[in-house]
Amino acid sequence: MMPVMDGLALVNAARRINPDVRIIAMTGLQDAANGARLAKAGVMHVLAKPYTAPDLLHLVARVLTQPK
């Protein structure tokens, strides 16, 4: 958990700065309500904890090579 804002607040703040920012959410809260909140915020990529370094690297590479 982050001390000042939650992940959705961070997503919204980042999108205000740059609407085209690419976001990978990392969460240990894997329920339908959390997934719906992330989708509503426009988060297209979610990495569930725990994850491995190869999982993270593959997802980052995939996100960075996708067309905008």
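Now for a quick tour of the structure. (Residues numbered from 1 in each chain as written. Predicted model: local features only at pLDDT ≥ 70, side-chain atom pairs only at ≥ 80, totals over all residues. Heavy atoms only, no water.)

Counting its secondary structure elements, the protein contains three helices and two strands. Counting helices and strands in the order they occur from the N terminus, the protein gives α-β-α-β-α. The dimensions of the protein, computed from C-alpha atoms along their principal axes, are 30 × 25 × 25 Å. When each of the 68 residues of the protein is scored for burial, the buried share is 19%. Nonlocal contacts in the protein, meaning residues at least 24 apart in sequence, comprise 40% of its contacts between residues at least 6 apart. Charge separation in the protein, taken as the distance between the mean sites of 8 positive and 4 negative side-chain charges, equals 6 Å. (Helix = DSSP H or I, 4+ residues; strand = E, 2+ residues; numbered from the N terminus. Buried < 20%, exposed > 50% of the residue type's maximum accessible area, 1.4 Å probe, protein only. Contact = heavy atoms within 4.5 Å. Lys, Arg positive; Asp, Glu negative; His and termini not counted. Charge placed at Lys NZ, Arg CZ, Asp CG, Glu CD.)

The next subject is unusual backbone geometry. In this chain, Lys 49 is followed by Pro 50 through a cis amide linkage whose omega measures -5°. Position of Pro 50 relative to the elements: it lies in the loop between β2 (45-48) and α3 (53-65).

Time to look at the pairing of strand β1 (residues 24-27). Covered by surrounding structure in β1 are Ala 25 and Thr 27 only, the residues Ile 24 and Met 26 on the alternate face being uncovered. Bridge count between β1 and β2: four bridges; the pairing is parallel. Counterpart to Ile 24 in the pairing with β2 is His 45. Of the crossover connections in this fold, the one passing from β1 over helix α2 (residues 32-40) to the parallel β2 is right-handed. (Pairing = 2+ DSSP bridges. Right-handed = clockwise from strand over helix to strand, strands pointing away.)

This paragraph deals with the side chain of Asn 34. Examined against the element boundaries, Asn 34 turns out to sit in helix α2. Asn 34 gets classed as buried once you look at its relative accessible area, which sits at 11%. A distance of 3.4 Å separates the side chain of Asn 34 from the side chain of Thr 27, its partner in a polar contact. Excluding residues that lie within four positions of it along the chain, Asn 34 makes contacts with Thr 27 and Leu 29. (Polar contact = N/O pair within 3.5 Å; in protein donor to acceptor, adjacent residues only side chain to side chain.)

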